[in-house]
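# Geometric and topological summary
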Amino acid sequence: QVQLVESGGGSVQAGGSLRLSCKVSGTIFGWTMAWYRQAPGNERELVASINTVGATNYADAVKGRFTVSRENAKGTGSLQMNGLKVEDTAVYYCNLRWKDGEQYWGQGTQVTVSS
């Protein structure tokens with residue numbers, strides 16, 4: 001089974017930056033990697049994704065501020081978050097998805113943005 005370990009969360013002031021990391025056991029080649037977030041009282045929502053050939057997708061709320069990347073040889077993925085807003089406050093989760101629908105999730109890391 002695939003295991004994901006997330007890190008990089010914390011507390012920042014509005015306008016600040018954080019970089020989240022996701023370390024995956026084994027290879028990530030062939031898997032789509034995505035980041036989701038869930039704020040209190042809200043559903044879990046897709047933030048950004050990057051497929052096996054590097055094509056990216058972003059939620060409208062984070063376009064121009066967040067950048068998703070991956071390093072297959074290291075088995076890692078990252079989410080660079082710039083220009084953070086209070087509404088970005090949430091628990092962020094790393095996700096891997098195979099073409100047959102198989103999925104794995106990280107434990108989540110808290111991001112808190114203060115005004």
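Remember, it's a predicted structure, so these values are computed and weren't measured experimentally.

We now examine the sheet that holds strand S7 (residues 66-71). Across the sheet, which stays open at both edges, the 4 strands sit in the order S1-S3-S8-S7 with antiparallel pairing between neighbours. Both edges of this open sheet fall to strand S1 (4-7) and S7, since each of them pairs with a single strand only. Within this sheet the neighbouring strands show an average axis-to-axis angle of 15°, counted without direction. One ladder, built from 4 bridges, connects S1 with strand S3 (residues 18-24); its direction is antiparallel. Bridging across to S3, Ser 7 finds its partner in Ser 21.

With that out of the way, let us pick up the state of the cysteines. Counted by the stated rule, this structure contains 1 disulfide. Bridging Cys 22 to Cys 94, the disulfide has an S-S length of 2.2 Å. As the torsion about the S-S bond is roughly -85°, the Cys 22-Cys 94 disulfide counts as left-handed. Of this pair, Cys 22 sits in strand S3 while Cys 94 sits in strand S9 (residues 90-97), placing them 72 residues apart in sequence. Overall, the relative accessible area of 0% leaves Cys 22 in the buried class. Residue classification places Cys 94 among the buried positions, given a relative accessible area of 0%.

This part is about the nonpolar core. Counting residues in hydrophobic clusters, the biggest one holds 29 residues, and the most contacted among them are Leu 79, Met 81 and Tyr 92. Discounting residues that sit within four places of it in the chain, Met 81 has contacts with Gly 16, Ser 17, Leu 18, Leu 20, Arg 65, Phe 66, Tyr 92 and Val 111.

Quick look at the pattern of salt bridges now. Counted according to the given criterion, the structure contains 5 salt bridges. Residues Arg 37 and Asp 88 are paired through a salt bridge, measuring 2.9 Å at the closest nitrogen-oxygen approach. Of this pair, Arg 37 sits in strand S4 (residues 32-38) while Asp 88 is found in the loop between strand S8 (76-81) and S9, placing the two residues 51 residues apart along the sequence. With respect to class, Arg 37 is no different from Asp 88; both count as buried. Across the salt bridge formed by Lys 74 and Glu 71, the nearest N and O atoms sit 3.1 Å from each other. On the basis of relative accessible area, Lys 74 is assigned to the exposed category, the value being 54%.

Cut-off values and rules
By convention here, each chain's residues receive numbers from 1 onward along its written sequence. Only residues with pLDDT of 70 or above have their local features reported here, since the model is predicted, and side-chain atom pairs are shown and tallied only from 80 upward, although totals for entire chains, interfaces and linings are computed over all residues. As a rule here, side-chain values cover all heavy atoms of the structure and leave hydrogens and water aside. DSSP-based pairing: two strands are paired if at least 2 bridges between them are found. Numbering of helices and strands runs from the N terminus; a helix is a DSSP stretch of H or I covering at least four residues, while a strand is a stretch of E covering at least two. To get an axis, a line is fitted to the C-alpha atoms, and for a helix only the part in contact is used. The angle between two axes follows their N-to-C directions and goes from 0 to 180 degrees. Note on disulfides: each one is a pair of cysteine sulfur atoms within 2.5 Å. Burial classes follow relative accessibility: with a 1.4 Å probe on protein chains only, a residue under 20% of its type's maximum area counts as buried, one over 50% as exposed, and anything between as partly exposed. Within this scheme, the nonpolar core is defined by two criteria: the residues are buried Ala, Val, Leu, Ile, Met, Phe, Trp, Tyr or Cys, and they are joined through side-chain atoms within 4.5 Å. In this analysis, two residues are considered to be in contact whenever any of their non-hydrogen atoms come within 4.5 Å of each other. By definition here, a salt bridge exists when the distance from a side-chain nitrogen of Lys or Arg to a carboxyl oxygen of Asp or Glu is within 4 Å.

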